[in-house]
Protein chains: 2
Amino acid sequence: MKVLITGGAGFLGQRLARELLARGSLKGADGKPQAITELVLLDVVRASDFGDSRVRAEVGDIAERSVLERVIDERTSAIFHLAAIVSGQAEADFDLGMRINLDASRLLLEVCRQRGHQPRVLFTSSVAVYGGELPDMVRDDTALKPQSSYGAQKAIAELLLNDYARRGFVDGRVVRLPTISVRPGKPNAAASSFASGIIREPLNGEAAVCPVAGATRLWLLSPRKAIESLIAGLELDAALLGNQRVLNLPGISVSVDEMVAALREVAGEEAVKRIVWERDARVEKIVGSWPGRWDTSRAESLGLTGERSFADVIRSYIADEQIQIR
Amino acid sequence: MKVLITGGAGFLGQRLARELLARGSLKGADGKPQAITELVLLDVVRASDFGDSRVRAEVGDIAERSVLERVIDERTSAIFHLAAIVSGQAEADFDLGMRINLDASRLLLEVCRQRGHQPRVLFTSSVAVYGGELPDMVRDDTALKPQSSYGAQKAIAELLLNDYARRGFVDGRVVRLPTISVRPGKPNAAASSFASGIIREPLNGEAAVCPVAGATRLWLLSPRKAIESLIAGLELDAALLGNQRVLNLPGISVSVDEMVAALREVAGEEAVKRIVWERDARVEKIVGSWPGRWDTSRAESLGLTGERSFADVIRSYIADEQIQIR
């Protein structure tokens, strides 16, 4: 089995690749595990190949058809489409967001359709597809009213994938990811970047700015669970999904104040003191339009699970990243 | 004021043009009527100009940027975007539907953005954006789960327009039209074509096939009210719409059996006998996925209204089209 990860050099892409290589197989359409013989990692920068001969790192612009035609052939039976322009950047650069989040996603579906072998394709989507006046708990049948270009582009990609799947051009599925926290590394241009920064930087002895009020409620998932969910989402039996290919992934609903309390529980008051509270209207507007909680009974009935406690999320971050608390 | 109608040679386009010419003006962004000095009718075939010197009939492919650049300039302050590939045809020819219903709609928004004068743009959308398991009454916040490519393309165009409006590229609005009945003329490739045919043909002494069960519930609006709603939708104060630019138009919820009863009331049993009941699974699948009723309180609070009785709809068709009942 040949597998493609777009955005393969990114944070989730690299973790997913490592996990797939460690597992060595993925369930096929018949539900039986098939060995992964080739793992293609496409990105605009060269992805690490982990010194593994199964990996082929490809550099290219995903919005160009020739690039997608190079990495998708009739033997590519599983595609994880993670490449994206994040929310803050898509708001700042409208054309770039449209090109990558919309055009490239459509082109990927088109190349699959042209190949004609109906591969499994998993798109990642986001809380940002929601917005406007939301119920306390967002449900599968709550309308999408994105309040950012990123959210609009993700919602459009969902509709495209659903229709391409309905027509039998691909065997598609979309998982809407909660905000991922705690992400290792540096802050990024996502409006939600602080949701990792206010934990990661203080644990590292550094200051972090929190741009939203403590009462702001977030819907979070750890990187570890996110990777598990991407694989489980791709392996789901198509018959169980029917004509509704979009799944809200389970996560944990916490306020920023509760995140800070969990940080205090795990790392003490010294860490908490490193958070600088400085509200930023631009970030608050985007993040405030996202739901803080959603009904995930459908995903759970399909066997997908999230975390139970944010303190546990912090502890698994410390363990996975081998953090020395300062 | 310069006004553009795309799909200007079509049934709704020609009626809208006639009505605008008769009115002679449209409200501007300041709420004050402005004289219509030029009315551009764009279509793939030459639209009638009604012998009126204000009309400019333009022939061109709306999915080509140069065509849109020819018909939209900085003085084009109102655009009615009616050009579309209907549901049955978009299902039969996927690429054509994508090209006209999605690409051309996006290109129109892009050309407006490039001009930079933030014109009023009205898109028409459809019941077909809904689907899947629907509540008895569809509300503004019911999720869109289109079960046809036409519905997916219309839902995507809605999301695009909403985001272009949010960013200030256009002053956009979308009206979701009920199925229009009674349409004069010939059957077309829309899955809903029968909703006019089973009234129009019997009134004309001809047989008409009804491809769905009598219990099938439809959400209908007369051509007359549809034209009124398009104009009212374009004239609505942008401040009243806020960030939610999509409106479900009021209509009348009737079963096919009730439509037939109304035909009997207006034209007698002879007319009803001309309906041939011959179910078509393809049509039933598409039409059955649409909602039979929706909550239109928002549209009504903005002053938009529909009909009260389907018998009145038939009577107004007979009057408008000067039909002699056979």
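Whatever comes next refers back to the structure up there.
Here's what I pulled together on the structure shown here. (Residues numbered from 1 in each chain as written. Chains lettered and ligands numbered in written order. Predicted model: local features only at pLDDT ≥ 70, side-chain atom pairs only at ≥ 80, totals over all residues. Heavy atoms only, no water.)

For chain A, the helix and strand inventory stands at 13 helices and 14 strands. Its C-alpha atoms give chain A a radius of gyration of 19 Å, within 12% of the compact-globule value 20 Å for 326 residues. Once the C-alpha set of chain A is aligned to its principal axes, its extents read approximately 55 × 45 × 40 Å. Within the span of chain A, comprising 326 residues, buried residues form 61% of the whole. Within chain A, contacts between residues separated by at least 24 positions form 76% of all contacts whose residues are at least 6 apart in sequence. Of the roughly 12,500 Å² that chain A leaves accessible, carbon and sulfur atoms contribute 47%. Across chain A, 42 positive and 43 negative side-chain charges occur, with their mean positions spaced 3 Å apart. (Helix = DSSP H or I, 4+ residues; strand = E, 2+ residues; numbered from the N terminus. Rg over C-alpha atoms; globule rule 2.2 N^0.38 Å. Buried < 20%, exposed > 50% of the residue type's maximum accessible area, 1.4 Å probe, protein only. Contact = heavy atoms within 4.5 Å. Areas by Shrake-Rupley, 256 points an atom, 1.4 Å probe, with all protein chains shown as cover. Lys, Arg positive; Asp, Glu negative; His and termini not counted. Charge placed at Lys NZ, Arg CZ, Asp CG, Glu CD.)

Residue and element names in this part refer to chain A. A rise of 1.5 Å per residue sets the reference length of helix α4 (residues 94-115), with its 22 residues, at 32 Å; its end C-alpha atoms lie 31 Å apart and thus fit the reference within 8%. Within α4, the axis deviates most sharply at Asp103, by approximately 30°. Residue Gly116 follows α4 closely and has a positive phi angle near 80°. (Expected span 1.5 Å × (residues − 1). Bend = angle between axes of the 7 residues up to and from the residue.)

With that settled, the discussion passes to the sheet that holds strand β11 (residues 217-221) of chain B. All names here are of chain B. Read across the open sheet, the three strands follow the order β9-β11-β13; overall the sheet is mixed. Bordering the open sheet on either side are β9 (179-180) and β13 (252-255), each of which pairs with just one other strand. Across four bridges, the pairing between β11 and β13 is antiparallel. Residue pairing across strands places Trp219 opposite Ser253, the latter belonging to β13. Of the strands in this sheet, β11 and β13 touch helix α9 (residues 256-267), which is tilted by about 95° from β13. (Pairing = 2+ DSSP bridges. Axes fitted to C-alpha atoms, helices over the stretch in contact; angles between N-to-C directions.)

The next thing to look at is the packing of α9(B) against helix α13 (residues 310-320) of chain B. Two packed helices can be described by the angle between their axes and the distance between those axes. All names here are of chain B. Taken N-terminus to C-terminus, the directions of α9 and α13 make an angle of 55°; their axes are 8 Å apart at the nearest point. As summarised for this structure, α9 and α13 are arranged oblique, according to the angle between their axes. For α9 against α13, the interelement crossing comes out right-handed. Contact with α9, carried on its side by Met259, Ala262, Leu263, Glu265 and Val266, involves Phe310, Ala311, Ile314, Arg315 and Ile318 of α13 and no other residues of that element. (Parallel < 35°, antiparallel > 145°, perpendicular 65-115°, else oblique. Left-handed = near helix turned anticlockwise from the far one by under 90°.)

Below, the discussion takes up the interface of chain A and chain B. With 31 residues of chain A at the contact, the number on the chain B side is 31 residues. Approximately 2,700 Å² of surface area, both sides summed, lies buried where chain A meets chain B, with 50% of it carried by carbon and sulfur atoms. Seen at the junction of chain A and chain B, the total is eight salt bridges. Between A:Glu91 and B:Arg167 there is a salt bridge, and its shortest N-O distance comes to 3.9 Å. At the junction of chain A with chain B, the criterion picks out 20 residue pairs in polar contact (both at pLDDT 80 or more). The set of elements that each furnish at least two residues to the side of chain A that touches chain B consists of α3 (87-92), α4 and α5 (149-166) of chain A. Taken together, the residues that form the side of chain A that touches chain B break down as 13 nonpolar, six polar and twelve charged. (Buried area = accessible area lost by both parts, 1.4 Å probe. Salt bridge = Lys/Arg side-chain N within 4 Å of Asp/Glu carboxyl O. Polar contact = N/O pair within 3.5 Å; in protein donor to acceptor, adjacent residues only side chain to side chain. Nonpolar A, V, L, I, M, F, W, Y, C, P; charged D, E, K, R; others polar.)

It is worth spelling out the nonpolar core at this point. Soluble globular proteins tend to bury their nonpolar side chains together. Ranked by internal contacts, the top residues of the largest apolar core, which has 155 residues, are A:Phe310 and B:Phe310. For this core, the domains that each give at least three residues are domain 1 (2-178 + 220-248) and domain 2 (194-217 + 252-320) of chain B. Aside from chain neighbours lying at most four places away, what touches A:Phe310 is A:Ser181, A:Ile199, A:Leu220, A:Ile252, A:Val254, A:Met259 and A:Ala262. (Core = buried A, V, L, I, M, F, W, Y, C linked by side-chain atoms within 4.5 Å. Domains from an automatic or database assignment.)

Residue and element names in this part refer to chain A. Pairing is mixed across the open sheet formed by three strands, whose spatial order is β9-β11-β13. Every other strand in the sheet has two partners, leaving β9 (179-180) and β13 (252-255) as the edge strands with one partner each. Set on the sheet, helix α7 (residues 223-235) makes contact with β9 and β11 (217-221); between it and β11 the angle comes to about 65°.

Let us now look at helix α13 (residues 310-320) of chain A. Residues and elements named next belong to chain A. Of the positions making up α13, those classed as buried are Phe310, Ala311, Val313, Ile314, Ser316, Tyr317 and Ile318. Buried residues belonging to α13 abut α6 (194-203), β11, α7, β13 and α9 (256-267). Put simply, Ser309 is the residue that caps the front of α13, since its side-chain oxygen is 3.2 Å from the backbone nitrogen of Ala311. In the segment just after α13, Gln322 is the residue with positive phi, at about 50°.

Look at the link from A:Ser181 to A:Val182: it is a cis peptide, with omega at 10°. Turning to its location among the elements, A:Val182 is positioned in the loop between β9 and α6. Even without being a glycine, B:Phe50 presents a positive backbone phi close to 55°. Tracing the backbone through its elements, the reader meets B:Phe50 in the loop between β4 (38-43) and β5 (55-59). Judged by its relative accessible area of 29%, B:Phe50 is partly exposed. With a phi close to 50°, B:Gln322 is a non-glycine residue in the positive phi region.

For the rest of this paragraph, the subject is the relation of the copies chain A and chain B. Expressed as a screw operation, the relation of chain A to chain B combines 0.0 Å of axial shift with a rotation of 180°, fitting to an RMSD of 0.0 Å. Both copies of the chain, as the preceding transformation shows, are related through a two-fold rotation axis. Among all residues of chain A, the minimum C-alpha distance to the rotation axis is found for A:Ala143, at 1.8 Å. Most of the interface of chain A is mirrored in chain B, where 100% of its interface residues again form contacts. (Least-squares fit on C-alpha atoms with pLDDT ≥ 70 in both.)

Quick look at the environment of A:Asn162 now. All names here are of chain A. Turning to its location among the elements, Asn162 is positioned in helix α5. Aside from chain neighbours lying at most four places away, what touches Asn162 is Asn243, Gln244, Arg245 and Val246. Within the local environment of Asn162, its side chain forms a polar contact with the backbone oxygen of Asn243, the two atoms lying 3.4 Å apart.

Below, the discussion takes up the packing of aromatic side chains. Working definition: an aromatic ring pair is given by the centre-to-centre distance plus the angle between the planes. The final tally for this structure, using the stated rule, is ten aromatic pairs over all chains. With 5.1 Å between their ring centres and 90° between their planes, A:Phe94 and B:Tyr164 make a pair best called edge-to-face. With one member in each of two chains, A:Phe94 in helix α4 and B:Tyr164 in helix α5 (residues 149-166) form a pair that bridges those chains. With a centroid separation of 5.7 Å and 70° between ring planes, the pair formed by B:Trp219 and B:Trp294 is classed as edge-to-face. (Phe/Tyr/Trp six-rings, centres within 6.5 Å; stacked < 30°, edge-to-face > 60°.)

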